[in-house]
Amino acid sequence: QVQVTESGGGLVQSGGSLTLSCAVSGTPFSVDVVNWYREGPGKEREWIAGIILPGRTRYSDSVKGRFTISRGNTKNTVYLQMNDLVPEDTAVYYCKSRLRGGELWGQGSQVTVSS
């Protein structure tokens, strides 16, 4: 059974860092695209970063220069390194992985940045 597992969220002070991970398991096939989205309090879900594996990346203007999306050493694992976090980054973060043309969403990870 294919499963998507997100981890790494939490509470951090302004200026701090967190790393989220997104792992797809239960399949012999490889994920080829992963995108990260976030949904802040009272806001719509927005796209923030994407990677076409192995390493072609794009970022929204809101996170460019602070966040880095990268491929993990473990198959079908992608990371989102978040630096210089600010309270406006507080949101539930979701990864979306493309596997054999289908899309798989993670369960969401809460990131809270205190001022």
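For the structure itself, look to the data block above.
The present account deals with the structure reproduced in this document. These numbers come from a predicted model, not from an experiment. (Residues numbered from 1 in each chain as written. Predicted model: local features only at pLDDT ≥ 70, side-chain atom pairs only at ≥ 80, totals over all residues. Heavy atoms only, no water.)

**Describing the nonpolar core**
Trp 36, Ile 48, Phe 67, Ile 69, Leu 80, Met 82 and Tyr 93 are the most contacted members of the largest nonpolar core, which totals 26 residues. The set of elements that each furnish at least two residues to this core consists of β3 (18-25), β4 (31-39), β5 (46-52), β7 (67-71), β8 (77-82), β9 (91-99) and β11 (109-114). Beyond its immediate sequence surroundings of up to four residues, Ile 48 is in contact with Trp 36, Tyr 37, Arg 38, Arg 58, Tyr 59, Ser 60, Ser 62, Val 63, Phe 67, Leu 80 and Tyr 93. (Core = buried A, V, L, I, M, F, W, Y, C linked by side-chain atoms within 4.5 Å. Buried < 20%, exposed > 50% of the residue type's maximum accessible area, 1.4 Å probe, protein only. Helix = DSSP H or I, 4+ residues; strand = E, 2+ residues; numbered from the N terminus. Contact = heavy atoms within 4.5 Å.)

**What about the state of the cysteines?**
Each disulfide consists of one covalent bond between the sulfur atoms belonging to two cysteines. Within this structure, the stated rule accounts for one disulfide. Disulfide pairing is shown between Cys 22 and Cys 95; the S-S distance is 2.1 Å. Because the sign of the S-S torsion sets the handedness, a value of about 70° for the bond joining Cys 22 and Cys 95 places this disulfide among the right-handed ones. Of this pair, Cys 22 sits in strand β3 while Cys 95 sits in strand β9; the two residues are 73 residues apart in sequence, bridging distant segments of the chain. Taken individually, Cys 22 and Cys 95 each receive the classification buried, so the pair is uniform in this respect. (Disulfide = S-S within 2.5 Å.)

**Focus: the packing of aromatic side chains**
All chains considered together, the criterion is met by two aromatic pairs. A ring pair is formed by Tyr 37 and Trp 105, whose centres lie 5.1 Å apart and whose planes are at 50°; its orientation type is tilted. Here Tyr 37, found in strand β4, pairs with Trp 105, found in strand β10 (residues 102-105); they are 68 residues apart in sequence, far enough to count as distant. On the accessibility criterion, Trp 105 (37% relative accessible area) is partly exposed. When the ring of Tyr 94 is compared with that of Trp 105, the centres are 6.4 Å apart and the planes differ by 80°; the resulting orientation is edge-to-face. Taken together, the residues span a long stretch of sequence, with Tyr 94 in strand β9 and Trp 105 in strand β10 at a distance of 11 residues. An aromatic cluster is defined as three or more aromatic residues linked by ring pairs; in this entry it consists of Tyr 37, Tyr 94 and Trp 105. The ring of Tyr 94 carries the charged tip of Arg 45 above its face, separated from the ring centre by 3.8 Å. The aromatic ring of Trp 105 is capped on one face by Arg 45, whose charged end is 4.9 Å from the ring centroid. (Phe/Tyr/Trp six-rings, centres within 6.5 Å; stacked < 30°, edge-to-face > 60°. Lys NZ or Arg CZ within 6 Å of the ring centre and 35° of its normal.)

**Details of the sheet that holds β3**
Strand pairing in a sheet relies on backbone hydrogen bonds. The paired strands run either parallel or antiparallel. The sheet built from four strands is open, its strands ordered β1-β3-β8-β7 with antiparallel pairing. The two strands at the open ends of the sheet, each matched to only one other strand, are β1 (3-7) and β7. Geometrically, the sheet is characterised by an average inter-axis angle of 15° between neighbouring strands, direction not taken into account. Here β3 runs beside β8; their pairing, made up of six bridges, is antiparallel. By the bridge assignment, Cys 22 is partnered in β8 with Val 78. (Pairing = 2+ DSSP bridges. Axes fitted to C-alpha atoms, helices over the stretch in contact; angles between N-to-C directions.)

**Observations regarding the pairing of β10**
Across four bridges, the pairing between β9 and β10 is antiparallel. Looking at β10, one finds that Lys 96 is bridged to Trp 105. Connecting β9 to the next strand, β10, in antiparallel fashion are two residues, including Arg 100 with a positive phi near 50°.

Purely spatial values, then, with no claim about function.
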